[in-house]
Amino acid sequence: MIFVGEGALLRRAVTHAATRGHPVDLVCSADPLDAAPAEAPHLAAADVNDHAGTLARACTDGIVWSLNNRQIFREPLLRSEGLRILNIHNGLLPRHRGLPSIAVLFAVLHGDTEYGATAHEVDAGIDTGPVLAEHRFPLGPEDCYHQVMLRGVRACRALFEQILPSVAAGTAHPAPRAAAEPSAYYGLRALDRLAAFSDHPAYTRATDLGLFAAHAPEVARALLRLSSPASPPGGTPAGSRRCSRS
């Protein structure tokens with residue numbers, strides 16, 4: 001197995017796979033310590049697509065995992081013979097495609113009643129590949145950004161651990177869909193729409209980044225730009241107000 005991504009979610013997945021006896025052939029991330037739990041080779045790649053040959057040669061079981069990964073897989077990696085690339089996405093697909101840091105914000109603003117994590121095959125689109133499994137949880141009317149994001153991260157971890165055995169065994173297949181669901185994509189341009197929600201009743205909850213402010217710099221910057229320069233001394237900038245619930 002090869003792992004591509006960054007952060008605690010990636011490292012925990014590597015650790016879990018290794019402790020369950022699965023081969024960890026290579027870890028592609030910015031931090032060499034991500035590979036340490038499995039004593040695996042490490043590759044720091046600004047663009048993993050430039051190393052398609054390396055990945056194809058290194059992978060012993062044909063499985064490539066993408067976790068907390070902002071890199072977009074492209075040719076020739078996508079058509080590398082014998083590789084199956086799987087992504088664990090923080091969000092429900094196709095409703096929450098794109099950057100989770102932005103999808104969570106709009107999920108709260110739009111009044112979504114569910115959020116979660118999705119395991120899907122990677123194709124040439126962005127979060128458009130066949131869905132293998134989901135881990136859903138309710139999104140309540142008082143939930144804040146940082147709460148939903150944290151639950152999403154936990155859902156990603158639980159879903160990876162849930163689906164790992166069937167993926168390794170080759171028995172994980174696309175899940176049947178009861179009905180077509182609405183699709184939405186949340187990239188950086190979606191933040192241009194944020195100003196239109198400044199008077200929305202859920203705006204305070206949706207922009208309460210909490211500890212995720214450091215992990216969602218694009219959202220934090222957008223909120224800073226939207227902060228009124230005419231705010232009274234001692235006023236609280238948008239995005240730093242706290243929800244009533246912890």
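Residues numbered from 1 in each chain as written. Predicted model: local features only at pLDDT ≥ 70, side-chain atom pairs only at ≥ 80, totals over all residues. Heavy atoms only, no water.

(A) Seen up close, the overall build of the chain. Along the chain, the regular secondary structure elements total six helices and nine strands. Radius of gyration (C-alpha) of the chain: 19 Å, near the 18 Å computed for a compact globule of 246 residues. When the backbone C-alpha atoms are referred to their principal axes, the chain occupies close to 60 × 40 × 30 Å. Taking all 246 residues of the chain together, the buried fraction comes to 47%. Long-range pairs, those at least 24 residues apart, make up 67% of the contacts in the chain with a sequence separation of at least 6. On the chain, roughly 11,900 Å² of surface is accessible, and the fraction owed to carbon and sulfur atoms is 54%. (Helix = DSSP H or I, 4+ residues; strand = E, 2+ residues; numbered from the N terminus. Rg over C-alpha atoms; globule rule 2.2 N^0.38 Å. Buried < 20%, exposed > 50% of the residue type's maximum accessible area, 1.4 Å probe, protein only. Contact = heavy atoms within 4.5 Å. Areas by Shrake-Rupley, 256 points an atom, 1.4 Å probe, with all protein chains shown as cover.)

(B) Fine view of helix α6 (residues 217–226). Within α6 the residues assigned to the buried category are Glu218, Val219, Ala222 and Leu223. Along the axis of α6, the buried positions cluster into a sector of 135°, meaning they face one direction only. In α6, the exposed positions angled more than 90 degrees off the buried face are occupied by Leu224 and Arg225. Buried residues belonging to α6 abut α3 (100–109), α4 (145–169) and α5 (203–206). (Arc of directions from axis to C-beta.)

(C) Just the nonpolar core, in detail. If you look at the biggest cluster of nonpolar residues, it comprises 58 residues, and the most contacted ones within it are Phe3, Trp65, Leu67, Tyr145 and Val219. Tallying contributions element by element places α4 first for this core, with 10 residues. Residues in contact with Leu67, not counting those within four places in the same chain, are Phe3, Val4, Gly5, Glu6, Leu9, Leu10, Ala13, Ile88 and Phe160. Formed by 15 residues, the second largest nonpolar core is a distinct cluster that contains Ile2, Val4, Ala52 and Val64. (Core = buried A, V, L, I, M, F, W, Y, C linked by side-chain atoms within 4.5 Å.)

(D) Examining α4 more closely. Helix length check: α4, at 25 residues, gives a terminal C-alpha distance of 36 Å against a target of 36 Å (1.5 Å per residue), a fit within 8%. The largest bend in α4 is about 40°, located at Ile163, with the proline Pro165 one to four residues further on. (Expected span 1.5 Å × (residues − 1). Bend = angle between axes of the 7 residues up to and from the residue.)

(E) Focus on the pairing of strand β4 (residues 63–67). Of all five residues in β4, five are buried, a share of seventy percent or more. Both faces of β4 are covered, namely the face carrying Ile63, Trp65 and Leu67 and the face carrying Val64 and Ser66. Inspection of the sheet shows strand β1 (residues 2–5) paired to β4 by four bridges, in the parallel sense. Residue Val4 lies in a different strand from β4, and its bridge partner there is Ser66. Bridging between β4 and strand β5 (residues 84–90) involves five bridges; their strand directions are parallel. Counted as the bridge partner of Trp65 is Leu86 from β5. (Pairing = 2+ DSSP bridges.)

(F) Unusual backbone geometry, seen in detail. A cis amide bond, omega 5°, links Glu75 with the succeeding residue Pro76. Here the phi dihedral of Glu39 falls at roughly 50°; this positive angle occurs in a residue that is not glycine. Mapped onto the secondary structure, Glu39 falls in the loop between β2 (26–28) and β3 (42–43). Judged by relative accessible area, which is 76%, Glu39 ranks as exposed. Even without glycine at this site, Asn68 takes up a positive phi of about 50°.

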